[in-house]
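The residues making up each chain are set out below.
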Amino acid sequence: MIRSSNLSDEAILELINNGNTSECEIDFDVSGDEDYGIPDPLGVHNDISMDINELLEENDKYFSQFSNSNINIEDLVVELNTESSNMFMSTLGYPRMRMYWQKRTRVPTVSNSISRDRFLVIRKFLKVVNDDDISNEKKRDAFWKVRPFIESVRSGCLRLVRDVELCIDEQMIPFTGNVKMKQFVRGKPNPTGLKNFVLANKNGLVLDFCIYQGKGTTFETNSEYLLTIGESAVVHLSQTVPPGSCLYFDRFFTTQKLLDILKQKKIVCTGTVMKNNIPKNIDILSDKILMKKPRGTSVQYVREDKKLCLVKWFDNKPIHLLSTENGSTPHSKCKRWDNKNKKRIEVPIPQIIKNYNDYMGGVDLCDRMISFYRMKTRTNKWTIRAIFHLIDLAVVNSWIMYKQDQIRKEVPVKKIHQLLDFKIQLSSELLEYDENSIDYQKYSGRHNSLPSKEKRHKG
């Protein structure tokens, strides 16, 4: 498992901002040298998830307000099984939740760990905080209901080792119910939901994120400039990026002002740019003239101070990129399909385009891996959907770290567990979580007794 040394989040951020990552060690916590087994999945998951006792304590306060719910300590322990069962269910993908308990389609791993009715009740009342303990000032935060869980997962992401090349993009938390934070982003696989700005490396490992709260959202940037939402999101996420790094982002974020701000922080950037954000003093070659030239033709414009470069490249259509990292040279070759000759041809590609294609897709890759075995549930509560998405994100991060560790140990590719196998074993170990690790005395004597475990699970 790749993680930093035992430093606080504030100490880690200070080291990153100062460009000193020597104290952030890489710890290869890998067991099972002989059979190449999964390296303690439960430990990897807990490194970036919320403390179980805290979650149980908050839900216990909430459950106690509903005496008719008839929930006792044993089912509070099973609350962990609710999360784990959802995780296990996502690997099977039954079209209906109740099928996991029905006689013909019963899954013992799920049905033996928690009864159907208890699962549904606990999921219905799943809470991260106690509403009565939150002040009106904190409730101005649109995500106050899940803020501790968000910060817990984010804290784990901040402890991960950063690559030099990183990307920032939008990620959608699917949700179609009624909530003021809901957004629509055209072109996304799940266009409707909560918008999440994500910092990731090219392998899809999420290193930081901030969830958009809707109109009027402000991100902490420590900048004296008036910034758009896209610009402020990038500046906010760049606070956890060490100097000397290179960021890649798309045209939603890219402006000349943003690149200049990050250049002052010794962070170079590359991004596609919309025509209306191209510097006005550049007399750029028109699309009509460029499209008459051979495919792969590019033109380059360098600012007078030689700190900013604009490159326009003709592929299927002209595209524009702004960069403080590099320009069009050196050129290399890429293969493209030629509709006229019905074959693949080699097309010249500038270095700036090649780098962008190599490092920009990390967030989309993370989205793709989450979508394979997403923890789906029909619910009109955005809090449950957000919690499940963050759990999926943590699991994908854990698998990427596990895979990197196994590759560094030169484990044969056939012996490395795929995401499906990893998620099944992780959820199975969570279902078998040692109940002695939970403080029962906090919750004893508050709830009505239940029939025996055998009677509840019968049928």
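Residues numbered from 1 in each chain as written. Predicted model: local features only at pLDDT ≥ 70, side-chain atom pairs only at ≥ 80, totals over all residues. Heavy atoms only, no water.

Peer 1: So what's going on with the nonpolar core? Which residues, and what values?
Peer 2: With 94 residues, the main nonpolar core has Phe-143, Phe-209, Leu-247, Phe-249 and Trp-382 as its most contacted residues. It is helix α13 (residues 382-408) that contributes the most residues to this core, 14 residues altogether. Not counting chain neighbours up to four residues away, the residues in contact with Phe-143 comprise Ile-150, Met-181, Leu-194, Ile-211, Tyr-212, Gln-213 and Trp-382. Core analysis: the second largest hydrophobic core is formed by ten residues, Met-89, Met-97, Phe-119 and Ile-122 among them. (Core = buried A, V, L, I, M, F, W, Y, C linked by side-chain atoms within 4.5 Å. Buried < 20%, exposed > 50% of the residue type's maximum accessible area, 1.4 Å probe, protein only. Helix = DSSP H or I, 4+ residues; strand = E, 2+ residues; numbered from the N terminus. Contact = heavy atoms within 4.5 Å.)

Peer 1: Go over the packing of aromatic side chains, please, and point to the residues and values.
Peer 2: With the rule as written, the count across this model stands at twelve aromatic pairs. Between the aromatic rings of Phe-252 and Phe-253, the centroid separation amounts to 5.1 Å while the plane-to-plane angle is 90°, which identifies the pairing as edge-to-face. Residue placement shows Lys-195 over the ring face of Tyr-212; its charged tip is 5.2 Å from the ring centre. (Phe/Tyr/Trp six-rings, centres within 6.5 Å; stacked < 30°, edge-to-face > 60°. Lys NZ or Arg CZ within 6 Å of the ring centre and 35° of its normal.)

Peer 1: Outline the confidence of the model for the protein chain, listing residues and values.
Peer 2: Scored by pLDDT, the protein chain has a mean of 79; 76% of the residues are at 70 or more. Confidence drops under a pLDDT of 50 for residues 66-78, and excluding neighbours within four residues, the segment shows 35 contacts in the predicted structure. (pLDDT = per-residue confidence, 0-100.)

Peer 1: Any chance you could break down a positive patch on the surface for me, citing the residues and the numbers?
Peer 2: Taken together, the side chains of Lys-124, Lys-139, Lys-145 and Lys-381 present a region of like positive charge at the surface. Its location among the elements puts Lys-381 in the loop between α12 (362-372) and α13. (Patch = residues over 30% accessible without salt bridge, like charges linked within 9 Å, V, L, I, M, F, W, Y side chains within 5 Å. Areas by Shrake-Rupley, 256 points an atom, 1.4 Å probe, with all protein chains shown as cover. Salt bridge = Lys/Arg side-chain N within 4 Å of Asp/Glu carboxyl O. Lys, Arg positive; Asp, Glu negative; His and termini not counted. Charge placed at Lys NZ, Arg CZ, Asp CG, Glu CD.)

Peer 1: Please set out unusual backbone geometry residue by residue, giving values where relevant.
Peer 2: Positive phi values are uncommon outside glycine, yet Lys-306 reaches one of about 60°. Here Lys-306 shows up in the loop between β7 (298-302) and β8 (309-314). Even without being glycine, Lys-342 reaches a positive phi, approximately 55°. Here Lys-342 is to be found in the loop between β10 (332-338) and β11 (343-349). The class of Lys-342 is exposed, set by a relative accessible area of 59%.

Peer 1: Please set out the pattern of salt bridges residue by residue, giving values where relevant.
Peer 2: Pairing between side chains becomes possible if they bear opposite charge and their charged atoms approach one another. Throughout the structure, instances matching the rule amount to 17 salt bridges. The shortest N-O distance in the salt bridge between Glu-151 and Arg-147 comes to 3.3 Å. Remark: Arg-147 and Glu-151 occur in helix α7 (residues 147-158); sequence separation between them is four residues, near one turn of the helix. When its relative accessible area of 34% is taken as the criterion, Glu-151 is described as partly exposed. According to the relative accessible area criterion, Arg-147 is partly exposed, its value standing at 23%. Between Asp-364 and Lys-188 there is a salt bridge whose closest N-O contact spans 3.9 Å. One end of the pair, Asp-364, is in helix α12; the other, Lys-188, is in the loop between β2 (182-184) and β3 (192-200), with 176 residues separating them in the sequence. On the accessibility criterion, Lys-188 (15% relative accessible area) is buried. Through salt bridges with shared partners, one network takes in Asp-141, Arg-147, Glu-151, Arg-154 and Asp-208.

Peer 1: Got a sec to walk through helix α9 (residues 256-264)? Specific residues and values, please.
Peer 2: Turning to α9, its buried residues number three or more, namely Leu-258, Leu-259, Ile-261 and Leu-262. Taken down its axis, α9 places every buried residue within 160° of arc, on the same side. Elements that come into contact with the buried residues of α9 comprise α8 (229-237), β5 (246-249), β6 (268-272) and β9 (318-323). Looking one or two residues beyond α9, the residue adopting positive phi is Lys-266, at roughly 65°. (Arc of directions from axis to C-beta.)

Peer 1: If you had to explain the environment of Gly-362 to someone new, which residues and values would you point to?
Peer 2: Within the secondary structure, Gly-362 is located in helix α12. Gly-362 sits 164 residues away from Val-198 along the chain, and the two C-alpha atoms are 9.5 Å apart.

Peer 1: Run through the pairing of β11, naming residues and quoting values.
Peer 2: Strand direction decides the pairing type here: β10 and β11, joined by seven bridges, are antiparallel. Note that in β11 the partner of Lys-335 across the bridge is Glu-346. Where β10 hands over to β11, the hairpin turn is made up of four residues, of which Lys-342 adopts a positive phi near 55°. (Pairing = 2+ DSSP bridges.)

Peer 1: Can you tell me about the side chain of Glu-231, naming the residues and giving the values?
Peer 2: Tracing the chain through its elements places Glu-231 in helix α8. Engagement of the side chain of Glu-231 in a polar contact is seen with the side chain of Thr-255, the distance being 2.5 Å. Apart from residues lying up to four places away in sequence, Glu-231 is in contact with Leu-226, Phe-253, Thr-255, Lys-257 and Leu-258. (Polar contact = N/O pair within 3.5 Å; in protein donor to acceptor, adjacent residues only side chain to side chain.)

Peer 1: Explain the packing of α8 against α9 to me, and be specific about the residues and the numbers.
Peer 2: In the contact formed by α8 and α9, the axes pass within 10 Å of each other and the chain directions differ by 15°. When the interaxial angle is binned, α8 and α9 end up roughly parallel. Considering how the two elements wind past one another, α8 and α9 form a crossing that is right-handed. Taken together, the residues of α9 that come into contact with α8 (itself represented by Glu-231, Val-234 and Val-235) are Lys-257, Leu-258, Ile-261 and Leu-262. Of the residues that constitute the contact of α8 with α9, the class distribution is five nonpolar, no polar and two charged. (Axes fitted to C-alpha atoms, helices over the stretch in contact; angles between N-to-C directions. Parallel < 35°, antiparallel > 145°, perpendicular 65-115°, else oblique. Left-handed = near helix turned anticlockwise from the far one by under 90°. Nonpolar A, V, L, I, M, F, W, Y, C, P; charged D, E, K, R; others polar.)

Peer 1: Tell me about the state of the cysteines, and name the residues and values.
Peer 2: Using the criterion set out here, one finds zero disulfides in the structure. In this structure Cys-246 is a free cysteine whose sulfur lies 6.7 Å from that of Cys-269, the closest cysteine sulfur available. (Disulfide = S-S within 2.5 Å.)

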